[in-house]
Each structure stands twice: as C-alpha cells, then as structure tokens.
Amino acid sequence: TVSDTSLTVTVFNYPNVSITTNPSFAVCYGSVAQVIGSGANSYSFSWNGVPQSTTGNSFQSSLFEDGDIVTVTGFNGKCPSASVDQFVNVFKMNLALTASPNSMLCNGESVTVSASGANTYQFILNGSLQGGFSTNSSFSPAISDGDTIRFIGKSTSTGCSQNSESIVVSVY
C-alpha cells in the first residue's frame, strides 16, 4: 500500500534587529531607561551578560550604571538574529555630604552640613524640603537627636537631579 502524505515546511528568515532607547542614549542616574527591539517576532535581553526576564520587545531599568551594556537578540521562530549591543550612558554626580564639627553633638551644639558634587542644592531635613534649589552648599538647621539630613543635587550641564546619602545626627 502506498500512501501519499504531504508535509508543510515553514521557513523563517533570520531577523534583522535594530534597537532604540527611551530616553536617548544618555540618562540621569536613577532614571528609567528603556531599550526597545524591532525587526523580529520575539526578543531576549541581557544586561552585562546576565539574561533578563522580559516579555515583549523592551527591557527597562532605573538601576543602570554608566557603561552598562544591554544586548538584544531577536528571533523569528527559532532563527536568532545577530546580537545587538546598546551601551548605556548614565550621568551620575559624585555627591558628598559632611557634618561639621561632626554628626555626634553635645546638647546645645550646632551643626553645619556641607554639600558638594553639584551646581545647586536643596536640603531636606527629616523628609521636609528646606527651601528651593540654591548655589549655597551649606545648611545649619536647628537639630534634635535622630534628625536626618540629606540633599538633592542638580547639575546645570545635564539637567540631572540626584539624591545624596543621609546623615543622621545624634545629640547627647
């Protein structure tokens, strides 16, 4: 007995993947950046060589550091594209906050905190903003034991804003 069976073969083309970023290729430290793939049916992403769990054609994070690499591979069926790399440029300021004489004070002593690493500064005491942005980089608040001081620094060249680390003041 001879039977005639037909076989359907599907041929997938190798995709030609391109990527874009949102915002453009440079972001402020702590801001969300998104890498978007196009030209394929599905995508895989890796960040500095580590595969990322994503769905769809994009990957995003607010944790990028300057020089990180996001690699995109597109697939049409099982046929992969050549991988495409996107270098991430992150504008990160080297912010510093110091307390003088220090952050451990005797009752009645005053403290001056000095900020550096930005063009303008906005101080925050216990979560409350203390005025607007200013080029004044020092702040001398009335303090109590356990007060937390930090600042937001702003760069005039990039327009980026960034939070500093905090200082917790102890009064004895």
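Residues numbered from 1 in each chain as written. Predicted model: local features only at pLDDT ≥ 70, side-chain atom pairs only at ≥ 80, totals over all residues. Heavy atoms only, no water.

**Topic: the side chain of Asn76**
Link 1 in the chain: With respect to the helices, strands and loops of the structure, Asn76 is situated in strand S7 (residues 69-76).
Link 2 in the chain: Residue class for Asn76 comes out buried when judged on its relative accessible area of 13%.
Link 3 in the chain: Reaching out from Asn76, the side chain makes a polar contact with the backbone nitrogen of Asn41 at a distance of 3.0 Å. (Helix = DSSP H or I, 4+ residues; strand = E, 2+ residues; numbered from the N terminus. Buried < 20%, exposed > 50% of the residue type's maximum accessible area, 1.4 Å probe, protein only. Polar contact = N/O pair within 3.5 Å; in protein donor to acceptor, adjacent residues only side chain to side chain.)

**What to know about the layout of surface pockets**
Link 1 in the chain: There is about 160 Å³ of room inside the largest pocket.
Link 2 in the chain: Together, Tyr29, Gly30, Lys92, Leu95, Ile152, Ser161, Gln162, Asn163, Ser164 and Glu165 line the largest pocket.
Link 3 in the chain: Tallying contributions element by element places strand S18 (residues 161-163) first for the lining of the largest pocket, with 3 residues.
Link 4 in the chain: Considering only residue class, the lining of the largest pocket consists of 3 nonpolar, 5 polar and 2 charged. (1 Å grid on protein atoms, 1.4 Å probe; cavity = no way out; pocket = protein on both sides within 12 Å on 5 of 7 lines; lining within 4 Å. Points joined across faces, edges and corners; volume = space filled by probe spheres on them. Nonpolar A, V, L, I, M, F, W, Y, C, P; charged D, E, K, R; others polar.)

**So, the sheet that holds strand S16 (residues 138-139)**
Through backbone hydrogen bonds, the strands of a sheet pair up, either in parallel or in antiparallel fashion.
Link 1 in the chain: What the 3 strands build is an open sheet, ordered S11-S13-S16; its pairing is antiparallel. A single partner strand is all that each edge strand has here, and the edge strands are strand S11 (96-100) and S16.
Link 2 in the chain: Where strand S13 (residues 112-116) lies against S16, 2 bridges are found, and the strand directions are antiparallel. Opposite Val113, over in S16, you have Phe139 as the bridge partner. (Pairing = 2+ DSSP bridges.)

**A few points about unusual backbone geometry**
Link 1 in the chain: Residue Pro101 is bonded to the preceding Ser100 through a cis peptide linkage, with omega at 10°.
Link 2 in the chain: Relative to the helices and strands, Pro101 is located in the loop between S11 and strand S12 (104-105).
Link 3 in the chain: A positive phi angle, close to 50°, is found at Asn48, a residue other than glycine.
Link 4 in the chain: As for its placement among the helices and strands, Asn48 is situated in the loop between strand S4 (42-47) and strand S5 (50-52).
Link 5 in the chain: Even without glycine at this site, Asn126 takes up a positive phi of about 50°.

**Things to note about the pairing of S7**
Link 1 in the chain: Of all 8 residues that make up S7, 6 are buried, and the element is covered over most of its length.
Link 2 in the chain: Here S4 pairs with S7 via 6 bridges, running antiparallel. Paired with Ser46 across the strands is Thr71, a residue of S7.
Link 3 in the chain: The pairing of S7 with strand S9 (residues 84-87) spans 4 bridges and is antiparallel. Counted as the bridge partner of Val72 is Val84 from S9.
Link 4 in the chain: In this structure, S7 lies alongside strand S8 (residues 79-80), joined through 2 bridges in antiparallel fashion. Pairing of Phe75 across the sheet is with Pro80, part of S8.
Link 5 in the chain: Counting the residues that bridge the hairpin from S7 to S8 gives 2 residues, and of these Gly77 lies at a positive phi of roughly 65°.

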